Amino acid sequence: MVMACRDKRRHVGLQQLSSFAEAGRTFLGPVKSSKFIIDEECHESVLISSTVRLLESLDMTSAVGQLLNEAVQAQNDTYRTGATTLLFLAGVWSRAVEECLHLGVPISIIVSVMSEGLNSCSEEVVSLQVPVHDIFDHMDSTEAISGLETVSVSLCPFLQDPSDASSIQERHDLKDVAAQLTTYSLSGRPVKSPKFFKPQAKVEAGENTSQTLKNSLHTDTCFRKSVLIHSRHFNRTDNNQGLRKPRRFLEQCGATTFLTYGCHDLVELAVGLSHGDGSSMKLVEEAVRLQYQNACMQPGNCVVPFVFDISRLFTFCLPGLPETFSCVCPGYITVVSVSSAALIQELQSRPIRVVLIEGDLTESYRHLGFSKSTNIKTALDSMKLPEDSSEELWANHVLQLLTQFSVNLVLVEGNASEHLTEQCRHSRRLVVGSVNGRVIQAFAEATGAVQVAYITQVNEDCVGSGVSVTFWRNPLDVVDSSDRMAILLKTEGINLITAVLTSPVSAQMQTKEDRFWTCAYRVYHAVKEAKVFLGGSAVEFLCLSHLHILAEQPLQKGDHACLGWLHDTSSWLASSLAIYRPTVLKCLANGWHKYLSALLYNTATYSSELEASTFIQHHLQNAIDCGSPSSYVLKEYRKLNSGIFNSGISNKLEQTPIYDVVTPKIEAWRRALDLVLLVLQTDSEIITGLGRAQINSQKLEGFLFL
């Protein structure tokens, strides 16, 4: 009777986690609804449209809130994408765990089956990976960069809405959202097929191919076991086997994999990874092209494979300007005071010499670790110079050094003295402060300058040359509210790209910059890993159907992979594993189902999540009946592109599949489940009670004794 006396608030951490996750529901998918976050004290508001900005704006004082915020920040800091997926899955899987607890499933079995179930999904989705290679071999072609405006993108076929795209605009009734949806071909009309979907192409995908895919996953960086092993609920043996995979997979329906083909074109990759944000991805594509062209111009780099270096890509935001001003430029763009306009006008006609300061440019600055000498004593305080006189003497000394070495430009990583900056401007020298350290390094590499900590360390060997300074545009066009104007600094061969982001609405600048970096990191990770997933939620649908098939499979003797997570395989937990395993797997799969339903509902293709859920259930049943969900997904892709050779559509309107990055997506899944299981562990480890003799006390009502 004591065991049955369970407190409903015992797992309040899971309830809090699902509540937090619900706040970011509208950010899921390519069509996002912005939110206003209002401060109750000062009544200030901020417009946000991403999970990261949402959590930054909320008061996350609870332990669960802080864990969630740390998990999302870690995902964003590492990959800059997948944070919304992490948040949503953490919420739905928290509810899945609560459902399992309500059904009486032991905690150790929940952890065991869910962890191994997700590992099995990660292994299964390898069949939907598309190789990315040789995309830079065609960079010298005259293909227009505006491919993002002419190439249509198809959603995953089983998630397509049969209605015309115009109905989406009527349902959503938002012009900006409708504009985003115009990049999708939701009507399903015949269009020219990309080479992935040509019907005459045949690929063998039997047991050998399937086994190769499975083996390759074990060496992939995204495949790892859960780190939650420090609790009695999470102890496991050295058994590292995965859940038994159905032998039917990739064998019955003649699955066609895309591994033989791959993505060989930057435009195709950019379109597939844009996820409806064509304007941001177009800037990213231009940045990649500029970086590639710069690399080809460097001596000795022709034989070295080009690598997209995202660390040399920067953004520069200019609110208040039309979006047509957004562009990508080689070099570094920053702002200076309008009073420097005459100086810029004079300097832009000739190459100038530069000094690079890696700290602050102030009289009182001392490098990190500096210790003031203790053996110096003040003999007479009355002779001490005033502070302003001391700074004046220092500024005069700096000007003498700059004049001696003919330096007209000083780039400072930290803060620059306003007094010195003003004096330098009067002497026809420009000082720019708060410059990113990577920018300083890039100018050092291109100009031959040597970074110094103090301006007094400058000598002839430290000075760089060949830098040009010019206005970015007409100075009167780019003056902001602080009377600052944009200038462009560059030199020959510098590996530095700046994306200028503009918007007439200042409140949208943060969102615009976040979306740009999301697109940039998608391309970066795709090129770095040389592989992508088929997108349009094909991967999540495969996980959903795969788990349902696993749940229907009996757990045979000698195939107890889940027992590796149980601390005592001879206990009653091991014997009850076969009973509870289908329930846990279906609860885990239900999270994927809710993910897909919310995604479809957010894109305005369905009037309710129930309608979207019914649509998904229809395809789920078809995939299960097929026996091989991966084959079903690929077959639906081919069906969408059948009868296309007589369409007469121009090559420019070629349909391109949606892509997703591999490691960031799988890591978002794993972080979400790890977070849920950590919260479950924390709730379960807290045991509250005064004693068995006081069980009838009102104070102990609802508590559980172990």
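Computed from a prediction, not measured in an experiment: that's the story for all the values here. (Residues numbered from 1 in each chain as written. Predicted model: local features only at pLDDT ≥ 70, side-chain atom pairs only at ≥ 80, totals over all residues. Heavy atoms only, no water.)

With reference to specific residues and values, describe the sheet that holds strand β8 (residues 352-357).
An order of β7-β12-β11-β8-β9-β10 is seen for the six strands of this open sheet, with the pairing classed as mixed. Each edge of the sheet is formed by a strand with only one pairing partner; in this case those strands are β7 (332-337) and β10 (430-432). Within this sheet the neighbouring strands show an average axis-to-axis angle of 40°, counted without direction. Here five bridges tie strand β11 (residues 464-471) to strand β12 (residues 484-491), and the two strands are oriented antiparallel to one another. Its bridge partner lying in β12, V467 is registered against T491. (Pairing = 2+ DSSP bridges. Helix = DSSP H or I, 4+ residues; strand = E, 2+ residues; numbered from the N terminus. Axes fitted to C-alpha atoms, helices over the stretch in contact; angles between N-to-C directions.)

A description of unusual backbone geometry should follow, citing residues and the corresponding values.
Backbone phi values are negative for most residues with the exception of glycine, while trans is the configuration of most peptide bonds. Despite not being glycine, R80 shows a phi value in the positive range, around 60°. Assignment of secondary structure puts R80 in the loop between α3 (63-79) and α4 (83-102). R80 gets classed as partly exposed once you look at its relative accessible area, which sits at 24%. For H275, which is not glycine, the phi torsion reads 55° and is therefore positive. Within the fold, H275 resides in the loop between α10 (266-274) and α11 (278-297). (Buried < 20%, exposed > 50% of the residue type's maximum accessible area, 1.4 Å probe, protein only.)

Please provide a residue-by-residue account of the sheet that holds strand β14 (residues 531-534), values included.
Strand pairing in a sheet takes place through backbone hydrogen bonds and is either antiparallel or parallel in direction. Spatially, the three strands line up as an open sheet ordered β3-β14-β16, and their pairing is antiparallel. Both outer strands of the open sheet, β3 (129-131) and β16 (659-660), are each paired with one neighbouring strand and no more. Of the strand pairs in this sheet, β3 and β14 are connected by three bridges, and their pairing is antiparallel. In the strand pairing of β14, P131 is matched with K531.

Quick one: what's the story with helix α15 (residues 437-447), residue by residue and with numbers?
When we look at burial in α15, the residues that qualify are V439, I440, A442, F443, A444 and T447. Residues of α15 that are buried sit in contact with β5 (313-319), β7, β8, β9 (409-412), β11 and β12. One side-chain oxygen at the N-terminal end of α15 lies 2.8 Å from the backbone nitrogen of R438; it belongs to N436. At the C-terminal side of α15, G448 shows a positive phi close to 80°. (Contact = heavy atoms within 4.5 Å. Polar contact = N/O pair within 3.5 Å; in protein donor to acceptor, adjacent residues only side chain to side chain.)

How would you summarise the packing of aromatic side chains if you had to cite specific residues and measurements?
Per the stated rule, a full pass over the model turns up 14 aromatic pairs. Centre to centre, the rings of F541 and Y632 are 6.3 Å apart; their planes meet at 35°, and the pair counts as tilted. Taken together, the positions of F541 in helix α17 (residues 538-552) and Y632 in helix α20 (residues 629-640) put the pair 91 residues apart, joining distant regions of the chain. One exposure class covers both F541 and Y632, and it is buried. Here a set of aromatic residues connected by ring pairs shows up, and it is made of F88, W93, W592, Y595 and W669. When the ring centre of W472 is taken as reference, the NZ or CZ atom of R473 above it lies at 5.6 Å. (Phe/Tyr/Trp six-rings, centres within 6.5 Å; stacked < 30°, edge-to-face > 60°. Lys NZ or Arg CZ within 6 Å of the ring centre and 35° of its normal.)

Mind laying out the confidence of the model for the protein chain, listing which residues take part and the relevant values?
Residues of the protein chain with pLDDT of at least 70 account for 69%, and the chain-wide mean is 76. Least confident of the elements in the protein chain is helix α8 (residues 175-181), whose mean pLDDT is 33; most confident is β9, at 97. Predicted confidence for residues 158-260 stays below pLDDT 50, and this span has 249 contacts to residues more than four positions away or in other chains. Counting interchain partners and residues more than four positions distant, the pLDDT-below-50 stretch residues 380-385 has one contact. (pLDDT = per-residue confidence, 0-100.)

I'd like to hear about the packing of α10 against α11, residue by residue, with values.
Here α10 crosses α11 at 150°, and the two axes come no closer than 9 Å. Considered as vectors, α10 and α11 are oriented roughly antiparallel to each other. At the point where α10 passes α11, the crossing takes the right-handed sense. Counted together, L266, V267, A270, L273 and S274 of α10 and G278, M281, E285, V288 and R289 of α11 form the full contact between these two elements. Among the residues forming the contact of α10 with α11, the class breakdown is six nonpolar, two polar and two charged. (Parallel < 35°, antiparallel > 145°, perpendicular 65-115°, else oblique. Left-handed = near helix turned anticlockwise from the far one by under 90°. Nonpolar A, V, L, I, M, F, W, Y, C, P; charged D, E, K, R; others polar.)

Report on the pattern of salt bridges, specifying residues and quantitative values.
On inspection of all chains with the given rule, the structure shows 12 salt bridges. A salt bridge links E346 to R428, with the shortest nitrogen-to-oxygen separation between them at 3.0 Å. Here R428 lies in the loop between α14 (418-426) and β10 and E346 lies in helix α12 (residues 341-347), a separation of 82 residues in the sequence. With relative accessibility at 31%, the residue R428 sits in the partly exposed group. Between D660 and K665 there is a salt bridge whose closest N-O contact spans 3.4 Å. By relative accessible area, K665 is classed as buried at 10%. (Salt bridge = Lys/Arg side-chain N within 4 Å of Asp/Glu carboxyl O.)

So, the environment of Y580: which residues are in play, and what are the values?
Inspection of the secondary structure assignment puts Y580 in helix α18 (residues 572-602). It is 9.0 Å that separates the C-alpha atoms of Y580 and C100, two residues lying 480 residues apart in sequence.

I'd love a proper account of the pairing of strand β13 (residues 497-503), names of residues and values included.
Most of β13 is tucked away: seven of the seven residues are buried. Alternating residues of β13 divide into I497, A499, L501 and S503 and T498, V500 and T502, and every residue in both groups is buried. Relative to β13, β5 runs parallel, the two sharing seven bridges. From the neighbouring strand, F314 faces β13, where its bridge partner is T498.

Describe the side chain of T491, naming the residues involved and giving the relevant values.
When you line up the elements, T491 lands in strand β12. A polar contact of 2.8 Å, which involves the side chain of T491, links it to the backbone oxygen of G466. The contacts of T491, once residues within four sequence positions are left out, are A446, T447, S465, G466 and V467.

Account for the pairing of β14, with residues named and values stated.
In terms of strand pairing, β14 meets β16 through two bridges, oriented antiparallel. Residue L534 lies in a different strand from β16, and its bridge partner there is Y659.

Tell me about the nonpolar core, residues and numbers included.
Within the largest apolar cluster, 116 residues are counted, with the highest numbers of intra-cluster contacts made by W93, M114, L269, L313, W592, W669 and L680. With sequence-adjacent residues up to four places away left out, W669 is seen in contact with T85, L89, W93, L118, S122, V125, V539, E540, C543 and W592. (Core = buried A, V, L, I, M, F, W, Y, C linked by side-chain atoms within 4.5 Å.)

Summarise the environment of I344; cite the residues concerned and give the values.
Considering the arrangement of structural elements, one finds I344 in helix α12. Look at I344 and you get buried, because its relative accessible area is 0%. In sequence terms I344 and R428 are 84 residues apart; their C-alpha atoms lie 9.0 Å from each other. Aside from chain neighbours lying at most four places away, what touches I344 is L430, V469, T470, F471, M485 and I487.

How would you sum up the environment of G29? Please name residues and give values.
Along the polypeptide, G29 turns up in the loop between α1 (12-22) and β1 (35-38). The spatial distance from the C-alpha of G29 to the C-alpha of S537 is 9.5 Å, given a sequence separation of 508 residues.

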